[in-house]
Amino acid sequence: MSLANKSEKRSLYADKRDGEQGEGQVKEGMESWDQSKLEEVINKKHGEKNKRQTSSQICRHFLAAVEKNVYGWFWECSNGEKCLYRHALPPGFVLKRDVVKADKKDELTLEELIDIERKKLGSNTTRVTLETFTAWKEKKLKEKKDKLIENN
């Protein structure tokens, strides 16, 4: 593998088994072909023995690999080369992991939740400040000591 190929990533939207030309590949012209090359290409393209039945459905092994971030150059389908399903995502396909991230944006933050709950309590409540908290804490500690003394 050349140094240039190591930096590029494998496309999620093209199935390598389809034989589609990628961006970096140059398509050879028919002008230089002889009769044997032409027959070879026709048999390869239209021959019954090389025809692969495919489905428009996406392979579940491919989807799982993409969701787990293990899909790449060295990934191979569990069904092998004879897999009938597509190993490419259709345009506009949204992965489950991306949907979960979008749902989390709608959730309230902790600060917003506290403000909402505080407003539900009403306006006639005592605000907690450092002074009121220390007084409350001292009162609770004194009650605890008094309870221990009563039990003994």
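Residues numbered from 1 in each chain as written. Predicted model: local features only at pLDDT ≥ 70, side-chain atom pairs only at ≥ 80, totals over all residues. Heavy atoms only, no water.

The grouping of Leu 108, Leu 110, Leu 113, Ile 114 and Ile 116 at the surface amounts to a nonpolar patch, some 470 Å² of accessible area in total. Structurally, the position occupied by Leu 110 is in helix α5 (residues 110–121). By relative accessible area, Leu 110 is classed as exposed at 58%. (Patch = residues over 30% accessible without salt bridge, like charges linked within 9 Å, V, L, I, M, F, W, Y side chains within 5 Å. Areas by Shrake-Rupley, 256 points an atom, 1.4 Å probe, with all protein chains shown as cover. Salt bridge = Lys/Arg side-chain N within 4 Å of Asp/Glu carboxyl O. Helix = DSSP H or I, 4+ residues; strand = E, 2+ residues; numbered from the N terminus. Buried < 20%, exposed > 50% of the residue type's maximum accessible area, 1.4 Å probe, protein only.)

The description of an aromatic ring pair uses the distance of the two centres, along with the angle that the planes make with each other. Applying the stated criterion across every chain yields a total of 4 aromatic pairs. Summarising the aromatic geometry, the rings of Phe 62 and Tyr 71 are spaced 5.0 Å apart at their centres and angled 85° between planes, so their arrangement reads as edge-to-face. We note that Phe 62, like Tyr 71, is buried. One aromatic cluster is present, formed by Phe 62, Tyr 71 and Trp 75 through successive ring pairs. (Phe/Tyr/Trp six-rings, centres within 6.5 Å; stacked < 30°, edge-to-face > 60°.)

This part is about the environment of Tyr 13. With respect to the secondary-structure elements, Tyr 13 resides in the loop between α1 (3–7) and α2 (35–46). According to the relative accessible area criterion, Tyr 13 is partly exposed, its value standing at 49%. Considered as a pair, Tyr 13 and Gly 92 are 79 residues apart in the sequence and their alpha carbons are 9.9 Å apart.

Here we take up unusual backbone geometry. The phi angle at Asn 69 is positive, at roughly 60°, despite the residue not being glycine. Tracing the backbone through its elements, the reader meets Asn 69 in the loop between α3 (60–67) and α4 (96–105).

This brings us to the state of the cysteines. Under the counting rule described, the total for this entry stands at 0 disulfides. Unpaired in terms of disulfides, Cys 59 finds its nearest cysteine sulfur in Cys 77, a separation of 3.7 Å. A relative accessible area of 0% means that Cys 59 is categorised as buried. Cys 83 forms no disulfide, and the closest cysteine sulfur to it belongs to Cys 59, at a distance of 3.8 Å. (Disulfide = S-S within 2.5 Å.)

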